[in-house]
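# Tertiary structure, described
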Amino acid sequence: MNKFVVFSGFLGAGKTTTMMALTQYYSAHYGKAAMISNDLGEGM
C-alpha cells in the first residue's frame, strides 16, 4: 500500500529537514521511502 504525506508551511519552518529525517528513518526501519520536494522560495 502506498502512503502519502503532505507538508506545508512558511519558508524556513523546517519542512524539508523534517521530510529528510522521516524519509531516512522510514527507509532504515521499514524499507524504501522517497521524498518529492518543490522549492518555490526565492527567485519566483
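Our structure is the block above this text.
Predicted model only: the values in this text are computed from it and were never measured. (Residues numbered from 1 in each chain as written. Predicted model: local features only at pLDDT ≥ 70, side-chain atom pairs only at ≥ 80, totals over all residues. Heavy atoms only, no water.)

### Remarks on the packing of aromatic side chains
Inclusion rule: Side-chain rings of Phe, Tyr and Trp (the six-membered ring for Trp) are treated as a pair once their centres are within 6.5 Å; stacked means planes under 30 degrees apart, edge-to-face means over 60, and tilted covers the remaining angles. Burial classification: accessible surface area is computed with a 1.4 Å probe over protein chains only, and a residue below 20% of its type maximum counts as buried, one above 50% as exposed, and the rest as partly exposed.
Within this structure, the stated rule accounts for two aromatic pairs. Seen in terms of ring centroids, Y25 and Y30 are 6.4 Å apart; in terms of plane orientation they differ by 65°. Their pairing is edge-to-face. Exposure remark for Y25: the relative accessible area of 44% places this residue in the partly exposed category. Note on Y30: relative accessible area 56%, which makes it exposed. By the ring-pair criterion, three or more aromatic residues cluster together here, those being Y25, Y26 and Y30.

### Digging into helix 1 (residues 15–30)
Using the following cut-off: Numbered from the N terminus, helices here are DSSP runs of H or I no shorter than four residues, and strands are runs of E no shorter than two. Expected helix span is computed as 1.5 Å times (number of residues minus one).
Here helix 1 is 16 residues long and its end C-alpha atoms lie 21 Å apart, about the 22 Å a rise of 1.5 Å per residue gives. Directly after helix 1, the chain includes G31, whose backbone phi takes a positive value near 120°.

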